[in-house]
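Chain residues, written in single-letter form:
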Amino acid sequence: GQSLEQPSEVTAVEGAIVQINCTYQTSGFYGLSWYQQHDGGAPTFLSYNALDGLEETGRFSSFLSRSDSYGYLLLQELQMKDSASYFCAVRADTGRRALTFGSGTRLQVQP
Amino acid sequence: EAGVAQSPRYKIIEKRQSVAFWCNPISGHATLYWYQQILGQGPKLLIQFQNNGVVDDSQLPKDRFSAERLKGVDSTLKIQPAKLEDSAVYLCASSLSLVDRWTSGRFLKAYEQYFGPGTRLTVT
């Protein structure tokens, strides 16, 4: 099976940089995704890493180390609208390619 | 392009009653997923379809839950009978493909799933 660990809550101020870590255990590994979910809203795709290294998309970057079973999401120039829950999710390297989600990190951005 | 549509948005039922949710994925998306999200947790996959075939239903409580995607487009998820612990948001998602692949000069990202707004179910 798969299991993921991420911090339950993170607080940061507007304009700052915050890093949300994710460690995973899986019997197989295909890739690590990150999703954002505002309260009452649907998860929305942010980024995906299949290979080691950093992927940058605007203010958001995601990093993966397959050897360490570890990844992180980096949010720069934080804005109030970034207050949301952030989920890492693993795709296992099996015929079942669906996502297994972590429990989520609630990010609170303060003025 | 229109997003994933779900209905109803909210449903309140008593335990032991039945309920059905409907999902219409993004046009052209072959893969459809149903997730259950309990408050404070991440979405948990219930069932995954590729066109009208089931790819994975290993986490679906088959004694009370059922799902179908008869024509390979929209899908319904049913709970019968409902229990208190079924109170959750039921999310439908779709993706272009089951696996990442190139076809006709286009890269289909299986990993990018698009979620609908969900149905919030309360069982009393």
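All values derive from a computational prediction rather than experimental measurement. (Residues numbered from 1 in each chain as written. Chains lettered and ligands numbered in written order. Predicted model: local features only at pLDDT ≥ 70, side-chain atom pairs only at ≥ 80, totals over all residues. Heavy atoms only, no water.)

A. The arrangement of the overall build of chain A in detail. Of the regular secondary structure elements, chain A holds zero helices and eleven strands. In sequence order, the secondary structure elements of chain A are arranged as β-β-β-β-β-β-β-β-β-β-β. Burial analysis of chain A (111 residues in total) assigns 50% to the buried set. In chain A, the proportion of contacts linking residues at least 24 apart, taken out of those at least 6 apart, comes to 57%. Working note: accessible area of chain A is about 5100 Å², and carbon and sulfur atoms make up 45% of it. Taking the average place of the 7 positive charges on the side chains of chain A and the average place of its 11 negative ones, the gap between the two points comes to 9 Å. (Helix = DSSP H or I, 4+ residues; strand = E, 2+ residues; numbered from the N terminus. Buried < 20%, exposed > 50% of the residue type's maximum accessible area, 1.4 Å probe, protein only. Contact = heavy atoms within 4.5 Å. Areas by Shrake-Rupley, 256 points an atom, 1.4 Å probe, with all protein chains shown as cover. Lys, Arg positive; Asp, Glu negative; His and termini not counted. Charge placed at Lys NZ, Arg CZ, Asp CG, Glu CD.)

B. Geometry of the interface of chain A and chain B. The interface is formed by 19 residues belonging to chain A together with 25 residues belonging to chain B. Carbon and sulfur atoms supply 55% of the area that chain A and chain B bury against each other, a total of about 1600 Å² over both sides. Summed over the shared surface of chain A and chain B, the number is zero salt bridges. Summed over the shared surface of chain A and chain B, the result is two residue pairs in polar contact (both at pLDDT 80 or more). (Buried area = accessible area lost by both parts, 1.4 Å probe. Salt bridge = Lys/Arg side-chain N within 4 Å of Asp/Glu carboxyl O. Polar contact = N/O pair within 3.5 Å; in protein donor to acceptor, adjacent residues only side chain to side chain.)

C. Up close: the packing of aromatic side chains. Enumeration according to the criterion identifies 14 aromatic pairs over all chains in this entry. Pairing Y35(B) with F115(B) gives two aromatic rings, centres 5.4 Å apart and planes at 40°, and the pair type is tilted. Here the residue Y35(B) occupies a position in strand β4 (residues 31–37), and F115(B) occupies one in strand β12 (residues 114–115), the gap between them amounting to 80 residues. Exposure remark for F115(B): the relative accessible area of 10% places this residue in the buried category. Taken together, Y35(A), F45(A), F87(A), F101(A), Y33(B), Y35(B) and F115(B) form an aromatic cluster joined through their ring pairs. (Phe/Tyr/Trp six-rings, centres within 6.5 Å; stacked < 30°, edge-to-face > 60°.)

D. Spatial organisation of the sheet that holds strand β3 (residues 19–24) of chain B. All names here are of chain B. With antiparallel pairing, the four strands of this open sheet are ordered in space as β1-β3-β8-β7. This sheet does not close on itself; its edge strands, each paired only once, are β1 (5–7) and β7 (65–68). Shown here is a sheet whose adjacent strand axes are inclined to one another by a mean of 15°, direction ignored. Two strands pair when backbone bridges link them, and β3 and strand β8 (residues 75–79) are joined in this way by five bridges, in the antiparallel orientation. For W22, the partnering residue across the bridge sits in β8 and is T76. (Pairing = 2+ DSSP bridges. Axes fitted to C-alpha atoms, helices over the stretch in contact; angles between N-to-C directions.)

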